[in-house]
Structure formats: C-alpha cells, structure tokens
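Residue-level listing of the chains:
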Amino acid sequence: MYPIKCFIFCSLALSLLLGCGFSTEKRRPAAIEKRMKERSIKVISEADILEEVRKKGDSITQEAQTALLEKLSTKIAEGSYKAAVSYCAKNAQELTDSLANKYQVHLKRVSLKNRNALNKPSKLEQGLLEAYQYTFEQGGSLNNNVQFYSNEDSILYNKPIFIGSELCLNCHGDKSNQALEVKEILKDYYPADSAHGYKVGDLRGMWSVAFSKKQLVKSM
C-alpha cells in the first residue's frame, strides 16, 4: 500500500505546484533562455543574402558618392577647379578606403577610361563594365548588379556611375574646353589619364563593392 500512498502524495504535490504557477518553463533562468535562442538555427536563403547585399551596397555607395561630391563642391567654392582636382587626387582614395574599413568591404570606383591607376578594373569588373557600356549604347536601362564569385565565398555589388552635371565636365569633358590650370594639374597627377571626352549623362564607370559572404551572413 505504501507505494500507492506515495504516488498519490507526489501527484497531489505536483498538482499543487503547477496550480500555483510553478512550471519548469517559467522558472528557466534568463541566461539559459538566451543561450537557447543563440543556438537556434536561423535559415537564410540565397535570395535573403543577395537582397542584403543590394541594400548595403546602395547605402555604402550613396554615402561615398555624397561625401565625395560635397568635398569637391566645397573645394571649388573655396578656391578653384584646380583645388578640387588636387583634393580628388590626394584624398578621394583615402575617403573610399575609410568607408571600406568602416563597413568591412572592398570598395572602389572602376572605369573603362581610367584616371587613377588604383581604379583599374579586375577581369570580372572589366566584363561587367563592358556589359554596362553595351547596354548604355543600346539605350537600355542600367541598374545595380549583385552576384556571387570566388567559389561563392564573396559577393560583388556594382552600380553604374554617370556624368551627372556640367560641373563634372570641367575635369572629365572635352580637353579642349578644360581650363589651363586643370590641364596642368591633371597632367602632373595623372600622366596616363584617359578619363575625359564625356558629356552629361554619359556612363563614367561603376562602383564596385565586394562583401565577404561569411561576414555578411554573421551580421544578418
């Protein structure tokens, strides 16, 4: 009879505990809850990854382009186009490098007609630039582009860069229309310069942003 009485007693005790709100779920320590959540598997699809790259790429390139244009406009207002060219030659690369470090990406501007040798496109970027140029010449619409590369360990984001205004033509337009001081400083800084002869609305090149897939997924 003893086992039966013990069973009845334990059942009553457990019922009382549960009835009073003492559940194992509610008494689970917060630290354990946190660890369980951290260990839960988050399913991230390829589409999710590409969308995140597109979103981050848009944001980073917009920040870079805005910062660069603001600096150049300030230099022109303070002095002349010569001051703007000098700033661009000395500081533009530093600006993009600082943003690359900030967001842990590889960031650069590339073109089929280079001015700065550091902006020479890779083989992959060259192909993308040629595709952009062909589409532009055919009157097609140019949009950003995202793709996996390097055995799918990295993801490349690209966005076209256009000659946005007459202001750009002071350095990138027809050389015969450039001010003498601009010609001289361009020759000093970029003896092999080919980034000229453009008109407003022309395709100048593209932004190239390389993401580490592993780091990107970790941040999602």
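Throughout, residues of each chain are indexed from 1 in the direction in which the sequence is written. Under the rules for a predicted model, residues below a pLDDT of 70 receive no local features and side-chain atom pairs below 80 are neither given nor counted, while totals for whole chains, interfaces and linings still include all residues. By convention in this description, side-chain values take in all heavy atoms of the structure and omit both hydrogens and water.

1. A few points about the confidence of the model for the protein chain
Now for step 1: Each residue gets a pLDDT score, which is the predictor's confidence in that residue and runs from 0 to 100. Mean pLDDT for the protein chain: 84, with 81% of residues reaching 70 or above.
Now for step 2: In this model residues 1–25 is a low-confidence stretch, pLDDT under 50, and it forms 5 contacts with partners more than four residues away in sequence or in other chains. Contact between two residues is taken to exist if any of their heavy atoms lie within 4.5 Å; hydrogens are not considered.

2. Digging into the pattern of salt bridges
Now for step 1: Throughout this description, the term salt bridge denotes a Lys or Arg side-chain nitrogen within 4 Å of a carboxyl oxygen of Asp or Glu. Here the structure, examined in full by the defined rule, presents 7 salt bridges.
Now for step 2: Between Lys102 and Glu63 there is a salt bridge whose closest N-O contact spans 3.1 Å. Of this pair, Lys102 sits in helix α4 (residues 81–103) while Glu63 is found in helix α3 (residues 46–78), placing the two residues 39 residues apart along the sequence.
Now for step 3: Note on exposure labels: buried denotes an accessible area under 20% of the residue type's maximum, exposed denotes more than 50%, and partly exposed covers the range between, all computed with a 1.4 Å probe on protein chains only. Residue Lys102 is classed as exposed on the basis of its relative accessible area of 52%.
Now for step 4: Look at Glu63 and you get partly exposed, because its relative accessible area is 27%.
Now for step 5: For Arg115, the salt bridge is made with Asp193, and the minimal N-O distance between the two is 3.0 Å. With Arg115 in the loop between β1 (106–110) and α5 (123–137) and Asp193 in the loop between α7 (180–189) and β4 (203–212), this residue pair connects regions lying 78 residues apart in the sequence.
Now for step 6: Within this structure, Glu52, Lys55 and Lys56 form a network of salt bridges that share partners. Helix numbers and strand numbers start at the N terminus; a helix is a DSSP run of H or I with at least 4 residues, a strand a run of E with at least 2.

3. Things to note about the pairing of β4
Now for step 1: The element β4 is largely enclosed, with a buried count of 9 among its 10 residues.
Now for step 2: Any two strands are treated as partners once DSSP identifies two or more bridges connecting them. Of the pairings in the sheet, the one linking β1 to β4 comprises 5 bridges and is antiparallel in character. In the sheet register, Val110 faces β4, and the bridge partner there is Met206.
Now for step 3: Both strand β3 (residues 154–162) and β4 contribute to a ladder of 9 bridges, which runs antiparallel.

4. Considering the pairing of strand β2 (residues 145–149)
Now for step 1: Because side chains alternate across β2, one face comprises the buried residues Val146 and Phe148, and the other comprises Asn145, Gln147 and Tyr149, none of which is buried.
Now for step 2: Bridge count for β2 against β3 is 5 bridges, and the pairing is antiparallel. Bridge pairing in β3 links Tyr149 to Ser154.
Now for step 3: The hairpin formed by β2 and β3 contains 4 residues between the paired strands, and Ser150 there has a positive phi angle of roughly 55°.

5. Thoughts on the layout of surface pockets
Now for step 1: With a 1 Å grid laid over protein atoms only, a set of points is called a cavity when a 1.4 Å probe fits there but cannot get out and a pocket when it is open yet has protein on both sides within 12 Å along at least five of seven lines; lining residues have an atom within 4 Å of a point. Grid points are joined across faces, edges and corners, and a volume is the space filled by probe spheres set on the points. In this structure, the largest pocket spans a volume of roughly 830 Å³.
Now for step 2: If you trace the largest pocket, you find 34 residues lining it, with Leu68, Leu69, Leu72, Arg109 and His172 closest to the centre.
Now for step 3: Of all the elements in the fold, those that place two or more residues in the lining of the largest pocket are α3, α4, β1, β3, α6 (166–172) and β4.
Now for step 4: Three classes are used, and their members are as follows: Ala, Val, Leu, Ile, Met, Phe, Trp, Tyr, Cys and Pro are nonpolar, Asp, Glu, Lys and Arg are charged, and the others, Gly among them, are polar. Looking at the lining of the largest pocket residue by residue, the class counts come to 20 nonpolar, 11 polar and 3 charged.
Now for step 5: Volume-wise, the second largest pocket comes out at about 170 Å³.
Now for step 6: If you go around the second largest pocket, the residues you meet are Lys56, Ser59, Ile60, Tyr103, Gln104, Val105, Phe211, Ser212, Gln215, Leu216 and Ser219.
Now for step 7: When contributions to the lining of the second largest pocket are tallied by element, the ones reaching two or more residues are α3, β4 and α8 (213–219).
Now for step 8: Among the residues making up the lining of the second largest pocket, the classes are represented as 5 nonpolar, 5 polar and 1 charged.

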